[in-house]
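Structural characterization, general
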Amino acid sequence: MPGKIKALWYLCIVVIVIGFIMLAAKDKMEEAREHSDSAFEIASAEKKKIDEKTVQIDPVKLVRELNALGKYQEAVDVARKAGERNPDHAEIQTWWGISLVKMGKKAEAIDHFILAAKKDPTDEKAHLYWGLTLAMDKKFEEAISHYKIVLEINPEHSNAYAYWGASLSALERLKEAVSKLEESLVLNRFNSQAYDILIGVLYKQKNYERSWEMVHKARRDNVSLQQGSVDRLSKVFPEPAQKL
C-alpha cells in the first residue's frame, strides 16, 4: 500500500474512532442530563411535600412541644421561621419570646412580647410572660403593671393574681400579697403556685399557724406543694394536729 494511501487510511480510522468516542460521550452527557433533570424533579416534589407538611403543622403547638422537651434553640428556630412567614401573628411572637426567656435571653424576649402586644392587645400571655421576665430582673413594680393588664383582659386569670402576689412579697408588701394570693385561690383552688407562694408569704409574716392551715388545705385538695417550703416551716413551727 503506497505511503500516502496508508496515511490516509490511518487518518480515516482515527477520525472514525474519535467520532465514536464523541458520540458515546454525547450519549453519556444526554443520559447524565436526563438523570439530573429527573433528580431535580424528584427533589422539587419532595421539597413541595415538606413545605405542604410544614404549613399544615401548627407552629405554636410545635414551639410549645419543643419547649416542653427542653429543646429551646429548636423552638426559637421554628418560631423565627414562622414569624418570618407571618409577621402579624401575635401568638408566634409571644412563644418566640417565651423560648428566648428559657434560653436566658430576657432582653431579646421582651422585644417579642412588646411586638406581640402591639399586634394583639388582647394577648394576655404576652403580658403575663412580659411581667414574669421583668420580675426575674427584680423589676417588680413594672411586672405588676403587666399582671394588671392581664387581669383587665381576663379578670379570672388565677396565675396573674399569684404572680402579682409574688411580686408584692418581693417588695415586702406582705399584707397586700396575701390578699392577691387569696384571690388567686378563689379563682382556682388547685393552683399549686398560689399555694406555695402564699405559704411562703405567711412564713415571712411569722403567721405559722395560718401557713400550716394552707398546707393542710392543699393536701385535702391533692395539690402538690414544694417539699422545701413545708420542711422550712416544720423547722420553726412543728406541724399542728389538724382540726376535725
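1. Details of the side chain of Asn 67
- Structurally, the position occupied by Asn 67 is in helix α2 (residues 59-68).
- Residue class for Asn 67 comes out buried when judged on its relative accessible area of 6%.
- Polar side-chain contacts of Asn 67 include one of 2.9 Å to the side chain of Ser 99.
- Sequence-distant contacts of Asn 67, that is, excluding residues within four places in its chain, are made with Tyr 72, Ala 75, Trp 95, Ser 99 and Lys 102.

2. Section: the packing of helix α11 (residues 208-220) against helix α12 (residues 227-236)
- Contact pair α11 / α12: the axes reach a minimum separation of 11 Å and the direction vectors enclose 140°. Relative to α12, the element α11 lies oblique. You can see that α11 and α12 cross each other, and the crossing is left-handed. Residues Tyr 208, Ser 211, Trp 212, Val 215 and Arg 219 of α11 form the contact with α12, whose own contacting residues are Val 230, Leu 233, Ser 234 and Val 236.
- Counted by class, the contact of α11 with α12 contains 6 nonpolar, 2 polar and 1 charged residues.

3. A short note on helix α4 (residues 90-102)
- In this model α4 runs 19 Å from its N-terminal to its C-terminal C-alpha over 13 residues, within 8% of the 18 Å that 1.5 Å per residue would give.
- Across the 13 residues that make up α4, a large majority, 11, are buried.
- Where α4 is concerned, the buried positions are Ala 90, Ile 92, Gln 93, Thr 94, Trp 95, Trp 96, Gly 97, Ile 98, Ser 99, Leu 100 and Val 101.
- Next to the buried residues of α4 lie α2, α3 (72-85), α5 (106-119) and α6 (124-136).
- Gly 104 sits one or two residues past α4 and shows a positive phi near 85°.

Here is what the cut-offs are and how they apply
- Counting restarts for each chain, with residues numbered from 1 along the sequence as it is written.
- Totals for whole chains, interfaces and linings use every residue, but because this is a predicted model, local features are given only for residues with pLDDT of at least 70 and side-chain atom pairs only at 80 or more, for both listing and counting.
- Only hydrogens and water are removed before side-chain values are computed, so all heavy atoms of the structure are retained for them.
- Segments assigned H or I by DSSP are reported as helices when at least four residues long, segments assigned E as strands when at least two residues long, and all are numbered from the N terminus.
- Exposure is judged per residue with a 1.4 Å probe applied to protein chains only, and the accessible area is read against the type maximum: over 50% gives exposed, under 20% gives buried, and values in between give partly exposed.
- Here a polar contact is taken to be a pair of N or O atoms separated by no more than 3.5 Å, where protein atoms must pair a possible hydrogen donor with a possible acceptor and residues adjacent in sequence count only if both atoms sit in side chains.
- We call two residues in contact whenever any of their non-hydrogen atoms come within 4.5 Å of each other.
- Inter-axis angles, ranging from 0 to 180 degrees, are taken between N-to-C directions of lines fitted to C-alpha atoms, where helices are fitted over the stretch in contact.
- In these notes the angle categories are as follows: under 35 degrees is roughly parallel, over 145 is roughly antiparallel, 65 to 115 is roughly perpendicular, and the rest is oblique.
- Note on convention: the crossing is left-handed when the near helix lies turned anticlockwise from the far helix by less than a right angle, right-handed when the turn is clockwise.
- Residue type decides the class: Asp, Glu, Lys and Arg count as charged, Ala, Val, Leu, Ile, Met, Phe, Trp, Tyr, Cys and Pro as nonpolar, and the leftover types, Gly among them, as polar.
- Given a helix with a known number of residues, its expected span is that number minus one, times 1.5 Å.

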